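Spelled out from the first residue to the last, the chains are:
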Amino acid sequence: MPTGFPTRALAILLLILLPAPLVIVVGASFSPRALLEFPPPGFSWRWYLEFLSTPAWLTAFGVSAAIALASAVLTTLAALGAALALQDAPSRLRAAAETAILAPLLFPHAALGIGFLGWLILAEMNGTGWGILIAHLVLCAPFAYRPIAVSLAQIDRSLPEAATILGAGPGQTFWRITLPLLQPGIAASLLFGFIISFDEVTVSMFLVGPEVTTLPVTIYARLNDSADPVVAAISSILILLTAGLVLLMDRLVGLRIFVDVEEEGRRPAA
Amino acid sequence: MLPTPTSGRLLLDTVSRSFGALKAVDGVSLDIAPGEFVAFLGPSGCGKTTLLRIIAGFERADAGSLILDGRPLTGLPPNKRDVGLVFQNLALFPHLTVTENISFGLELRRESAPEIARKVEEAIALVALQGLERRRIQQLSGGQKQRVALARALVLHPSVLLLDEPLSALDLKLRRQLQQELKTLQRRTGATFVFVTHDQEEALSMADRVAVFNQGRLEQFGTPQALYGQPASRFVAEFVGDANIRDAAQLAPFGITLPPETLLVIRPEDCAIGAAADAAPVRREGTVDAIDFIGPHARLRLILDGLAEPWLALCSGSAAAGLEVGARSVLGFDPAGAATLKAGA
Ligand SMILES: Nc1ncnc2c1ncn2[C@@H]1O[C@H](COP(=O)(O)OP(=O)(O)OP(=O)(O)O)[C@@H](O)[C@H]1O
Ligand SMILES: [Mg+2]
């Protein structure tokens with residue numbers, strides 16, 4: 001990797017630009033006045049209290065969290081099944097199935113939103129949490145499948161065989177060997193699934209209804225008619241939650257999968 | 001006291017396996033005795049791994065049968081065969097420690113915790129890994145990993161332990177050392193060992209009997225002495241050590257008459273050079289074409305007068321002293337001591 005001046009300058013620029021929006025949002029959330037401004041003219045918890053005391057906000061938050069949790073868990077389970085099934089599938093079938101799973105990455109979200117809306121109306125599920133969940137499952141699928149499939153491909157084929165010859169049945173091999181070795185991929189899948197679903201605006205906007213709406217859609221709607229700092233306060237809470245989640249995952253399984261898959265090879269042999 | 005091997009008799013009867021048109025294993029029959037150390041020897045791609053995987057149960061045989069201690073193996077899954085396997089790449093579990101790798105099979109058998117601990121400790125002592133119990137696999141050296149793989153398989157006391165080129169990734173010195181250790185381990189455990197290698201020296205020095213394979217077929221199954229002294233085919237004669245293989249026409253100038261369709265296998269070390277050749281029943285003069293001093297020995301290639309095919313000879317360094325490329329010398333041998341082959345075999 002060349003580390004000449006242009007590369008370094010770019011890296012430094014990125015390091016400044018990445019947190020820049022966060023500084024504005026967090027700063028503005030503490031404003032005592034009813035206007036989004038930065039730097040804030042003072043310090044207050046006013047907008048945090050407003051968020052916590054408004055049932056509509058809390059409901060939207062709860063709906064988003066529930067959908068995100070369900071999306072993360074369900075897509076991870078589905079991706080696990082798909083990756084295991086496709087591992088030994090004929091390469092043609094495998095390629096076709098992978099294209100289908102990764103397809104949501106290729107289409108504009110607005111187009112997907114209209115498409116989902118059409119189907120959900122037919123199924124009489126538009127404007128329900130289930131409808132949003134179904135859409136989110138599709139949107140999260142590529143992000144769940146990729147890390148799990150990559151993790152699976154990294155497991156040496158002889159490991160399950162070694163477990164078998166040592167006496168393990170197929171179930172024992174899966175629980176004691178395959179699953180533990182898939183841990184980084186599964187963690188990444190859960191994390192991606194949760195964050196992507198929790199953050200999703202465009203598609204959800206088509207699918208929300210008078211009874212059920214998600215937090216990002218509510219924020220977006222609120223921004224359209226007033227720019228008060230409650231959205232900054234909510235965003236700050238989300239930033240905190242996301243950071244907490246990432247840290248937790250890192251603690252539990254290590255986020256090697258994001259950074260470096262060859263850590264083992266680099267560790268000095270003792 | 002060494003355990004007397006009572007189990008581990010493995011019978012293979014015309015076992016075959018094809019991949020499409022390729023006959024990877026072609027009608028192999030073997031009778032391996034309890035506690036025997038057998039090497040499968042052959043060039044790359046001759047079907048050694050495939051046969052080993054058939055014995056382990058990971059690959060099915062298209063035809064033929066396998067019987068272990070009177071029990072047919074056909075249809076039994078690998079985890080029910082009482083067969084151990086040390087993989088070529090070892091296949092140690094990277095998420096487990098040394099102890100956890102070794103105790104894996106015992107835990108599956110639901111043995112009691114103290115029993116498992118005792119057996120693991122025993123296995124660790126057997127392969128001299130004391131002190132490394134809690135290490136993770138990637139914190140071990142190549143030789144240490146090798147031993148964990150051995151301990152993991154041996155702790156279950158399989159009647160037959162299959163080893164697929166377990167030493168091929170190691171450097172020569174470590175390899176020699178582990179060859180010795182493996183041999184000792186095999187005697188101590190009394191298990192039948194089937195050891196795959198394409199290194200003939202390794203096979204001949206370690207095994208009680210060696211099975212030589214070529215293109216899926218068993219060429220010969222015998223003791224190292226038998227393979228060397230009475231090769232069953234030209235392939236074996238050439239694969240196991242060096243050989244001068246000559247037909248009747250090539251031997252006529254020596255005054256030797258061979259029955260038709262017969263070849264004579266004259267080993268280089270049975271060829272005498274220079275003054276030492278005077279005592280040999282047949283001899284012929286020639287020119288040194290190449291000479292190689294290897295330790296105390298000298299390996300020579302000679303072009304004998306009137307003969308196209310060069311001859312290989314191995315003699316002591318002192319016998320070859322003074323010889324150089326282009327020098328004249330004499331090569332002699334005793335045809336009575338040479339093995340014969342059927343031409344075309
Ligand atoms: N699953 C398979 N599908 C198709 N062909 C195979 C398969 N497994 C092995 N073969 C072929 O069968 C032949 C024997 O392979 P095998 O791995 O048994 O050789 P080997 O003697 O172990 O060689 P090496 O010393 O290189 O390990 C080879 O030609 C190989 O390409
Ligand atoms: Mg092989």
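Residues numbered from 1 in each chain as written. Chains lettered and ligands numbered in written order. Predicted model: local features only at pLDDT ≥ 70, side-chain atom pairs only at ≥ 80, totals over all residues. Heavy atoms only, no water.

Enquirer: How should I be thinking about the sheet that holds strand 18 (residues 339-342) of chain B in this particular structure?
Expert: Strands pair in a sheet through their backbones, by hydrogen bonds, and they do so in one of two ways: parallel or antiparallel. Residue and element names in this part refer to chain B. Read from one edge to the other, the open sheet built from 3 strands follows the order 11-12-18, with strand pairing classed as antiparallel. Both outer strands of the open sheet, strand 11 (244-247) and strand 18, are each paired with one neighbouring strand and no more. When the angles between neighbouring strand axes are averaged without regard to direction, this sheet yields 30°. Two strands pair when backbone bridges link them, and strand 12 (residues 262-266) and strand 18 are joined in this way by 4 bridges, in the antiparallel orientation. (Pairing = 2+ DSSP bridges. Helix = DSSP H or I, 4+ residues; strand = E, 2+ residues; numbered from the N terminus. Axes fitted to C-alpha atoms, helices over the stretch in contact; angles between N-to-C directions.)

Enquirer: Whenever I open this one, the site of ligand 1 confuses me. Can you help?
Expert: Residue and element names in this part refer to chain B. Around ligand 1, the neighbouring residues are Phe19, Leu22, Ala24, Ser44, Gly45, Cys46, Gly47, Lys48, Thr49, Thr50, Glu165 and His198. One of the side-chain nitrogen or oxygen atoms of Ser44 is found 2.4 Å away from an oxygen atom of ligand 1. Note that an oxygen atom of ligand 1 is positioned 3.2 Å from one of the backbone N or O atoms of Cys46. Relative to its unbound accessible surface of 630 Å², ligand 1 loses 60% to contact with the protein. (Near = heavy atom within 4 Å. Polar contact = N/O pair within 3.5 Å; in protein donor to acceptor, adjacent residues only side chain to side chain. Areas by Shrake-Rupley, 256 points an atom, 1.4 Å probe, with all protein chains shown as cover.)

Enquirer: Mind showing me how you'd approach the confidence of the model for chain B here?
Expert: Regions with low pLDDT should not have their predicted coordinates read in detail. Chain-level statistics for chain B give a pLDDT mean of 90 and a share of 98% at 70 or above. Two summary scores accompany this predicted model of the complex, namely pTM at 0.80 and ipTM at 0.81. (pLDDT = per-residue confidence, 0-100.)

Enquirer: Mind showing me how you'd approach the interface of chain A and chain B here?
Expert: How big an interface is tends to be reported as the loss of accessible area on association of its parts. Taken together, the 21 residues of chain A in the interface contact 25 residues of chain B. Overall, the association of chain A and chain B removes approximately 2,200 Å² of surface from exposure, summing both partners, and the carbon and sulfur fraction of that is 64%. If you sort the residues of chain A by the area they bury against chain B, Ile165, Leu166 and Arg176 of chain A come out on top, with a joint share of 33%. For the pair chain A and chain B, the interface holds 2 salt bridges. Counting across the chain A and chain B interface gives 6 residue pairs in polar contact (both at pLDDT 80 or more). Where the side of chain A that touches chain B is concerned, the elements lending two or more residues are helix 8 (158-165) and helix 9 (170-199) of chain A. (Contact = heavy atoms within 4.5 Å. Buried area = accessible area lost by both parts, 1.4 Å probe. Salt bridge = Lys/Arg side-chain N within 4 Å of Asp/Glu carboxyl O.)

Enquirer: Can you walk me through the side chain of Gln179 of chain B in this structure?
Expert: All names here are of chain B. Summarising the element assignment, Gln179 is placed in helix 5 (residues 172-189). Using a relative accessible area of 4% as the deciding quantity, one classes Gln179 as buried. Apart from the residues within four sequence positions on either side, Gln179 is in contact with Leu167, Glu202, Ser205 and Met206. (Buried < 20%, exposed > 50% of the residue type's maximum accessible area, 1.4 Å probe, protein only.)

Enquirer: Help me understand the packing of aromatic side chains, please; the structure alone is not making it clear to me.
Expert: Residue and element names in this part refer to chain A. Applying the stated rule across the entire model yields 20 aromatic pairs over all chains. Ring centres of Trp45 and Tyr48 lie 5.4 Å apart, and the angle between their planes is 70°; on these two criteria the pair is classed as edge-to-face. Residue classification places Tyr48 among the buried residues on the basis of a relative accessible area of 11%. Among the aromatic residues, ring-to-ring pairing joins Phe51, Trp57, Phe61, Phe194 and Phe198 into one connected group. (Phe/Tyr/Trp six-rings, centres within 6.5 Å; stacked < 30°, edge-to-face > 60°.)

Enquirer: Any chance you could explain unusual backbone geometry here in plain terms?
Expert: Negative phi characterises most residues that are not glycine, and trans characterises most peptide bonds. In this structure, Glu124 of chain A is a non-glycine residue whose phi angle is positive, near 55°. Inspection of the secondary structure puts Glu124 of chain A in the loop between helix 6 (109-122) and helix 7 (129-154). Positive phi, normally seen in glycine, also occurs at His157 of chain B, with a value near 50°. Turning to its location among the elements, His157 of chain B is positioned in the loop between helix 4 (142-154) and strand 7 (160-164).

Enquirer: Please clarify how the confidence of the model for chain A should be interpreted in this entry.
Expert: Residues and elements named next belong to chain A. Here chain A averages 85 in pLDDT, while 93% of its residues score no lower than 70. Within chain A, the lowest mean pLDDT, 38, falls on helix 14 (residues 263-266), and the highest, 94, falls on helix 8. Here residues 259-270 is a poorly scored stretch, pLDDT under 50, and it has 11 contacts once near neighbours within four places are set aside; other chains count.

Enquirer: What exactly am I supposed to notice about the sheet that holds strand 1 (residues 10-19) of chain B here?
Expert: Residue and element names in this part refer to chain B. The strand order across the open sheet built from 4 strands is 2-1-4-5, with neighbouring strands paired in antiparallel fashion. One side of each edge strand has no neighbouring strand; the edge strands of this open sheet are strand 2 (22-32) and strand 5 (71-72). Pairing of strand 4 (residues 63-68) with strand 5, which is carried by 2 bridges, proceeds in the antiparallel orientation. Looking at strand 5, one finds that Leu68 is bridged to Arg71. Sitting on the sheet, helix 1 (residues 48-56) is in contact with strand 1, strand 2 and strand 4, with an inclination near 120° to strand 1.

Enquirer: Whenever I open this one, a nonpolar patch on the surface confuses me. Can you help?
Expert: All names here are of chain A. Together, Leu69, Val73, Leu74 and Leu77 give the surface a local cluster of nonpolar side chains, amounting to about 350 Å² of exposed area. By secondary structure assignment, the location of Leu77 is in helix 4 (residues 55-87). For Leu77, a relative accessible area of 52% corresponds to the exposed category. (Patch = residues over 30% accessible without salt bridge, like charges linked within 9 Å, V, L, I, M, F, W, Y side chains within 5 Å.)

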